[in-house]
Amino acid sequence: LPPFGSAHGDSGAMAPAPTAGPWADRYRPKHLGEVIGNTDQVRKLAEWLRDWDDVVFKGKVKEQKAPEAWQKFIPAPENLMARACLVSGPPGIGKTTTCTLIARCSPKYSIMEFNASDARSKAIIDNLNNSLAGGHTLKFNSGNGKSIERSVIIMDECDGMAAGDKGGTVALKKMIQTTKNPIICICNDRSDAGIRDLASICYDIKFKRPDNAVVAKRIKHVMESEGKKVELRTIEAVVEACGHDIRHIINQTQFFGAAALTSRESAKDTQVMMNPFEACEKMLSLRGGKMPALAKRLDMFWLDPELMPMMVQENYLKTFEKRNPRKGEDNLMQAAKAAELIAFGDMMAGNWEVQGSASIISTIYPAFLTADESFTRPSFPIWLQKRAPMLKARRLVDELHSKIRLKTTTSSREFATSSYHDLLYKKLVKPLQYGAPKEAAALLFGFGLTREFFTDQATVLRAPLNLEDFYKKVDGKVKSQLHFELNTLIQEAKPPEPVKRKRDDNANEVAARKRRASGGGAGGDDVNDANMDESAPLSAEEQADARRKQMIAKKKLNKNGPVGVSSGAGSLSSWRPKKPVTEESIREENEKKPLMIMKYLDGHTNAVRRTVHMKDILEPWKLF
C-alpha cells in the first residue's frame, strides 16, 4: 500500500488524482442504500416518521409486533406512539447520516439540525418551542411554490447537553410532550441519567456496530476509489482494532496512509468500544473456531474486574445447552474443571497483589474451556440481583432483634434460623384474629415493637419459608384500631414535659409585703421599688422602719463595703476602716449633707470613690 499522495498503486498504473476534502465527508452515504448495517433500525425509524402525522394528529393506534415462535426472550414493548425518537449507539456508525437521509426522503419535511456546537440552553429551546407552536415555518423565495413547510428537528449529541446547556434536557422533555413537529434525538452514551429519563418518553431505537466484513468491504471500496489497493484481511484487522468506527477508520487511513493499517496507534481503547456483556459474549463464543488473542481478553477482563468473573460464572454452563450429547463425559469434565478454577479464583478476589493471576484463573481460562459457537446472549449475575433484597432483609432482622433482645436470650442468627420468630408472630397476631386490637397493642408495646413488625420485619422471615401471613387476613378496621392503640400507649409512656407557670403578680406582692414586714432577709434584693410602690399603703413610721431594716440586711450581706462597691481583687473598699453598723450610724449617714462624688476609671475595671471639696474645684477659676 503506497503512502497517501502517491501517484501509483502496486501495479504501477496511474491512479486518479484525489480530490480535496476529508474522505469521511466525500464518501458519506447519499441514499439509504449506502448505509452499512442496522437494517431493522433504519426500517423502524422510517416507519415511525412516515406514520407520525397519523398518530399525533389523527389518533392512529399502532399495535405491537407479536413475538416470533422461535424467540426465547420476549422483547420489551416499544413506545410506538411517541412524538420523538431516541437513536443511540456507538460513535462513527452513521446515526446522524441515517436520520438525515430518512428525513430527506419525506417531501413534506425540512430539516432543522442542532448539535454540540449550537447553544441549546433552556431559554433557547423554549424559544424554539414557541416559534414552532403552530407546526409550520415560513420559507421565503421558495422555488417549488410552497411558502409554508414542516420541519424535522434533529437534536444531535443529546448526552452532552447536561454539561454546558443548563436546563436544556428538561426543556427538551417539555418540548417533546407538546411538539407538533417530529423530533429525533441522537446520543452515544445511552446509560446517562438524563438520557434514560428522555428515553421514557421517546421511541427508543438502539443502533449497533455493523459486522466486520461489511465495514471492511466498504473501506476497501473507498481505498480503491482513491487509487490504493489493500488486502481485505488487513482491513478487517483495522476495523476490529478501531471498534467498527467507520469515520475513525477512514480518517486514519487518509491522514496516516499505510501506517494506519499496520500499527496499533490508531486502535481504540477496549473500554471505549465494549461493555461487560459484549466482552462476556466474545469470551464464551467461538467465531470460526477462534478466540480473541490473550491480550485482547485481558483487556476485556479489566473492563470491570469485579463484574467479569461473575458474568463468566453465571453463563459458562449455558455453552453446553446445544452441544452434542454424545460428548457428555468430555463436556462434564470441562465444566467441572471450569467450576474448580472459578472457585479457586474467587478465593483470590480482593487481593490486588495476585489480581493478574486471578484474571486468568477465574475468568479467562474457564471461558476458554467452555467456549462454544452456540453461545449468543449472556445473562446478568443472579447473585447481584439477589444481593440488594438480602441486605435489606438482614438489616430488618438486626433491627427486630435489637428491639426484643431484652425479652429473649437468642442471638440475631439464632433468631432467624430457629422457629422462635414463628412462635412470636403467632402469639402477637392471635389477638387480632379474634378482634382484640387493644390486647395485641399491649403485647407489641411490651416487646418494644411497632406495627412494622407485621408489615415488614416478620414478612422478611416468613416469605422465604413459605409461611402463611395471617396479618393480611385481618380486617382493616382492626388494623386501624391497632395503630391507634399503639400510638396511645407510646404517648402515655413518654415523660411529661416541664410546664412553665405564669407569674402571679398578686402572690409576688403578698410575699414582698411579708418580707418587708419581717425585716427582709436573704431574698430582700429581689424586691424592687416598683413592687414597693404598688403594694398596699403603709404608715410613715412603718415605711421608715421597713426601709431601715432592709438597709441593715443589705449591710450584713455586703461585708466588704457599701452597696454598689465591688469586692474584687482591684477594689479599694477593703482599705477603708470598718465601723459597726448601728441605727445611729445609719441615721447619721441619712442626715449627712450631700457631697459631689466623682468616679474615675484609670486603667481599672472597678470604680474608686473619692470625696472632693468644692473649693478644690473652684480655686483655679478665681484667677479669671
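Scoring rules and cut-offs
Residues numbered from 1 in each chain as written. Predicted model: local features only at pLDDT ≥ 70, side-chain atom pairs only at ≥ 80, totals over all residues. Heavy atoms only, no water. Phe/Tyr/Trp six-rings, centres within 6.5 Å; stacked < 30°, edge-to-face > 60°. Buried < 20%, exposed > 50% of the residue type's maximum accessible area, 1.4 Å probe, protein only. Lys NZ or Arg CZ within 6 Å of the ring centre and 35° of its normal. Helix = DSSP H or I, 4+ residues; strand = E, 2+ residues; numbered from the N terminus. Expected span 1.5 Å × (residues − 1). Bend = angle between axes of the 7 residues up to and from the residue. Contact = heavy atoms within 4.5 Å. pLDDT = per-residue confidence, 0-100. Patch = residues over 30% accessible without salt bridge, like charges linked within 9 Å, V, L, I, M, F, W, Y side chains within 5 Å. Areas by Shrake-Rupley, 256 points an atom, 1.4 Å probe, with all protein chains shown as cover. Salt bridge = Lys/Arg side-chain N within 4 Å of Asp/Glu carboxyl O. Axes fitted to C-alpha atoms, helices over the stretch in contact; angles between N-to-C directions. Parallel < 35°, antiparallel > 145°, perpendicular 65-115°, else oblique. Left-handed = near helix turned anticlockwise from the far one by under 90°. Nonpolar A, V, L, I, M, F, W, Y, C, P; charged D, E, K, R; others polar.

Chemist: I'm lost on the packing of aromatic side chains in this one. Help?
Modeler: Here a ring pair, both rings aromatic, is described through the centre-centre distance and the interplanar angle of the planes. Counted under the stated rule, the structure contains 10 aromatic pairs. Ring geometry for tryptophan 52 against phenylalanine 57: centres 5.7 Å apart, planes inclined by 85°, an arrangement best described as edge-to-face. Using a relative accessible area of 46% as the deciding quantity, one classes phenylalanine 57 as partly exposed. An aromatic cluster is built from Tyr425, Phe453, Phe454, Phe470 and Tyr471, whose rings are joined through pairwise contacts. A cation sits over an aromatic face here: lysine 479 above tyrosine 471, 4.6 Å from the ring centre.

Chemist: Looking at this structure, how should I read helix H19 (residues 382-404)?
Modeler: In an α-helix, one turn spans 3.6 residues; hence positions three or four apart end up facing the same way. For H19, which comprises 23 residues, the first-to-last C-alpha distance of 33 Å matches the rise-based estimate of 33 Å (1.5 Å per residue) to within 8%. Of all the bends in H19, the largest measures some 30° and sits at alanine 388, one to four residues before the proline proline 389. Along H19, the positions that sit buried rather than exposed are Leu396, Val397, Leu400, His401 and Ile404.

Chemist: Looking at this structure, I do not really get helix H21 (residues 420-433). What am I missing?
Modeler: For H21, spanning 14 residues, the distance from its first C-alpha to its last is 20 Å, which sits close to the expected 20 Å at 1.5 Å a residue. Taken together, the buried positions of H21 are His421, Asp422, Leu424, Tyr425, Leu428, Val429, Pro431 and Leu432. In this fold, the buried residues of H21 make contact with H19, helix H20 (412-417), helix H22 (437-447), helix H23 (452-462) and helix H24 (476-493). In the segment just after H21, glycine 435 is the residue with positive phi, at about 75°.

Chemist: Explain the confidence of the model for the protein chain here, please?
Modeler: A low pLDDT score tells you not to read the predicted coordinates there in detail. Looking at the protein chain as a whole, its pLDDT mean stands at 75, while 72% of the residues score no less than 70. The spread of mean pLDDT over the elements of the protein chain runs between helix H26 (residues 529-534), the lowest at 44, and strand E1 (residues 84-88), the highest at 91. Between residues 520-536, whose pLDDT stays under 50, and residues either more than four places distant or in other chains, the model counts 17 contacts.

Chemist: Sorry if this is basic, but what is going on with a nonpolar patch on the surface here?
Modeler: A contiguous nonpolar patch, built from Leu294, Ile360, Tyr365 and Phe368 and spanning about 360 Å² of accessible area, is present on the exposed surface. Here the nonpolar patch gets 3 residues from one element, more than from any other, and that element is helix H18 (residues 355-370). Within the secondary structure layout, phenylalanine 368 lies in helix H18.

Chemist: What am I meant to see in unusual backbone geometry here?
Modeler: Glycine aside, residues mostly have negative phi, and peptide bonds are mostly found in the trans state. A positive phi is found at asparagine 38, a non-glycine position, where the angle reads about 55°. Assignment of secondary structure puts asparagine 38 in the loop between helix H1 (23-26) and helix H2 (39-50). Positive phi, close to 55°, is recorded for glutamate 157, a residue that is not glycine. Looking at the secondary structure, you find glutamate 157 in the loop between strand E4 (148-155) and helix H6 (161-164).

Chemist: Explanation requested: the packing of H22 against H24 in the structure shown.
Modeler: For any two helices packed against each other, the geometry is given by the interaxial angle and the distance between the axes. Axis separation between H22 and H24 bottoms out at 8 Å; the angle between their running directions is 45°. Here H22 lies oblique to H24, going by the angle between them. Handedness of the H22/H24 crossing: right-handed. Where H22 abuts H24, its residues Pro437, Lys438, Ala440, Ala441, Ala442, Leu444 and Phe445 lie against Val478, Gln481, Leu482, Glu485, Leu486, Leu489, Ile490 and Ala493. Split into classes, the residues belonging to the contact of H22 with H24 amount to 12 nonpolar, 1 polar and 2 charged.

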